[in-house]
Amino acid sequence: MLRPIHRVRCWKGLQAGFDLQVNLVLWLCEPATKPIGVSKSALSAVHPDEGVQTWLWNFLLPRPKHERLLKAARQLAGQSNTAKARLQVWIKEVRDANRQFKHRHAAWPAPLKGLPKWNAFKELNEAFYERLKSVGVPFSTSGKPSKTRRIFYKDFVEQFRKLNGLEVCVFCGGPLGNPKVDHWVSKAKYPLLSIAPHNLTPICHRCNEPPCKGTKDVFQAGAANAFGDWFHPYFRSGFGAYSLIHDWPLTRVEGAATDSTKNLHLQNLQSLLELPNRWTEEFQLKYDSLRRTLRKKVREGELQVTTVALHAKIAEWHGELDEHRPHYAVHELLLRQAQQPDRLSAWLLDLQEI
């Protein structure tokens, strides 16, 4: 998390969609809700707005003879009261993930994969994420019900890129490229959080795929302070909590916590995203590129092989760095260290061999 991560303008709309998702599954787990009672008219118990009720019914029954999600909803409604009560407790604990990151709280629950209708629950909740991408959630940016100004996946991504930077991944500092929306807490294991705004962050493809984050956990299930040793994009960001250092003998770039109490947070983040390897790779690539450029300038007579001239050129490059460009932190570290006397001497010896 090399960059600050801000909440997008449509946050309230996403939160309203998340609340709707939670209210639906909680209602399905009410003892009084029976499979036959899962109908369009009954959805008034989930949300008072008729437009939202229509959206929900179309969500459950998008077209004739295709009742996959309606079947899943009725399976949840048909559970035993004991199973319903167990799932309700789990839902109420999981929806408060923000309390886990902000404060010590009750033990974070493991996924209820042993529950007979877990697959139906998972399918229903993950479908909310698919609807966010295809037809949007029935709320405006302000969080009010809306038929014409729905919040879409693409709105979230576009607003995030404008707010947090068009080109740079907020996690690793590299190129954002075609961003992938990461679920900080795995959607596969915790489908209830599939459209929770505090669980969504667009990051680069490399950060989001194995061997980096993928579906790795960012918590310890069952622990009283499950998220205590982890950063969180919104609630406990790593921005400003560490800086990059480079060990010249080992030619390895790593993060160093600015606060010793965050050492484990940093270790976890670096391991999760394979950051030292990636930063070191970029450091070496940039070093080789600068070396080739300097040697070319010397051969073409554009640069004198003196300490003063070399320092001036490197300082010039350092001053031209743009913090809004990819790999800024790695390149800044390289050029700052390159101006140190021992490093200048090493570069000068290399150039004198031409």
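Enquirer: For the overall build of the chain, give the residues involved together with the corresponding values.
Expert: Scanning the chain from terminus to terminus reveals 13 helices and four strands. The dimensions of the chain, computed from C-alpha atoms along their principal axes, are 85 × 45 × 30 Å. When burial is assessed residue by residue, the chain has 50% of its 354 residues classed as buried. For the chain, the accessible area works out to roughly 16,800 Å², and carbon and sulfur atoms hold 50% of it. Between the mean site of the 51 positive side-chain charges and the mean site of the 34 negative ones, the chain shows a separation of 9 Å.

Enquirer: Let's hear about the pattern of salt bridges: which residues, and what values?
Expert: Oppositely charged side chains can pair when the atoms bearing their charge come close. Under the defined criterion, the tally for this structure stands at 13 salt bridges. A salt bridge links Glu126 to Lys122, with the shortest nitrogen-to-oxygen separation between them at 3.1 Å. Taken together, the residues span about one helical turn, with Glu126 and Lys122 both in helix α6 (residues 118-134) at a distance of four residues. Asp155 is paired through a salt bridge with Lys154; the nearest N and O atoms lie 3.6 Å apart. Judged by its relative accessible area of 17%, Asp155 falls in the buried class. Ionic contacts of the salt-bridge type, sharing partners, join the residues Arg291, Arg295 and Asp350 into one network.

Enquirer: Explain the nonpolar core to me, using residue names and the numbers behind them.
Expert: Counting residues in hydrophobic clusters, the biggest one holds 112 residues, and the most contacted among them are Leu24, Phe59, Trp90, Ile91, Trp108, Leu124 and Phe171. It is helix α1 (residues 11-28) that provides the largest number of residues to this core, a total of 11 residues.

Enquirer: Which residues make up helix α7 (residues 153-164), and what are the values?
Expert: Under the 1.5 Å per step criterion, the end-to-end length of α7 is 16 Å for 12 residues, consistent within 8% with the ideal 16 Å. Within the sequence span of α7, burial applies to Tyr153, Asp155, Phe156, Val157, Gln159, Phe160 and Asn164. Of the residues one or two after α7, Gly165 is the one with positive phi, at around 120°.

Enquirer: Quick rundown of unusual backbone geometry? Include the residues and the values.
Expert: Each neighbour pair has its own omega, and for Pro210 with Pro211 the value is 5°, a cis peptide bond. Along the chain, Pro211 falls in the loop between α8 (205-208) and β3 (242-247). Here Glu274, not a glycine, exhibits a phi torsion of approximately 55°, which is positive. Residue position: Glu274 is located in the loop between α9 (263-273) and α10 (275-299). Although it is not a glycine, His327 adopts a positive phi angle of roughly 65°. Topologically, His327 is positioned in the loop between α11 (307-320) and α12 (328-338). Residue classification places His327 among the partly exposed positions, given a relative accessible area of 21%.

Enquirer: Would you mind going over the packing of helix α2 (residues 50-60) against helix α3 (residues 68-77) in detail, with residue names and values included?
Expert: Their axes nearest at 6 Å, the elements α2 and α3 cross at an angle of 100°. It follows that α2 is roughly perpendicular to α3 by the angle criterion. In this structure, α2 uses Trp57, Phe59 and Leu60 to contact α3, whose residues at the interface are Leu69, Leu70 and Ala73. For the contact of α2 with α3, the class distribution of residues is six nonpolar, no polar and no charged.

Enquirer: Could you give an account of the confidence of the model for the chain, with specific residues and numbers?
Expert: In this model, the chain carries a mean pLDDT of 92, and residues with pLDDT of at least 70 account for 97%. Looking at the elements of the chain, mean pLDDT is at its lowest for helix α5 (residues 97-102), recorded as 78, and at its highest for α1, recorded as 98.

The rules behind the values
- Residues numbered from 1 in each chain as written.
- Predicted model: local features only at pLDDT ≥ 70, side-chain atom pairs only at ≥ 80, totals over all residues.
- Heavy atoms only, no water.
- Helix = DSSP H or I, 4+ residues; strand = E, 2+ residues; numbered from the N terminus.
- Buried < 20%, exposed > 50% of the residue type's maximum accessible area, 1.4 Å probe, protein only.
- Areas by Shrake-Rupley, 256 points an atom, 1.4 Å probe, with all protein chains shown as cover.
- Lys, Arg positive; Asp, Glu negative; His and termini not counted.
- Charge placed at Lys NZ, Arg CZ, Asp CG, Glu CD.
- Salt bridge = Lys/Arg side-chain N within 4 Å of Asp/Glu carboxyl O.
- Core = buried A, V, L, I, M, F, W, Y, C linked by side-chain atoms within 4.5 Å.
- Expected span 1.5 Å × (residues − 1).
- Axes fitted to C-alpha atoms, helices over the stretch in contact; angles between N-to-C directions.
- Parallel < 35°, antiparallel > 145°, perpendicular 65-115°, else oblique.
- Contact = heavy atoms within 4.5 Å.
- Nonpolar A, V, L, I, M, F, W, Y, C, P; charged D, E, K, R; others polar.
- pLDDT = per-residue confidence, 0-100.

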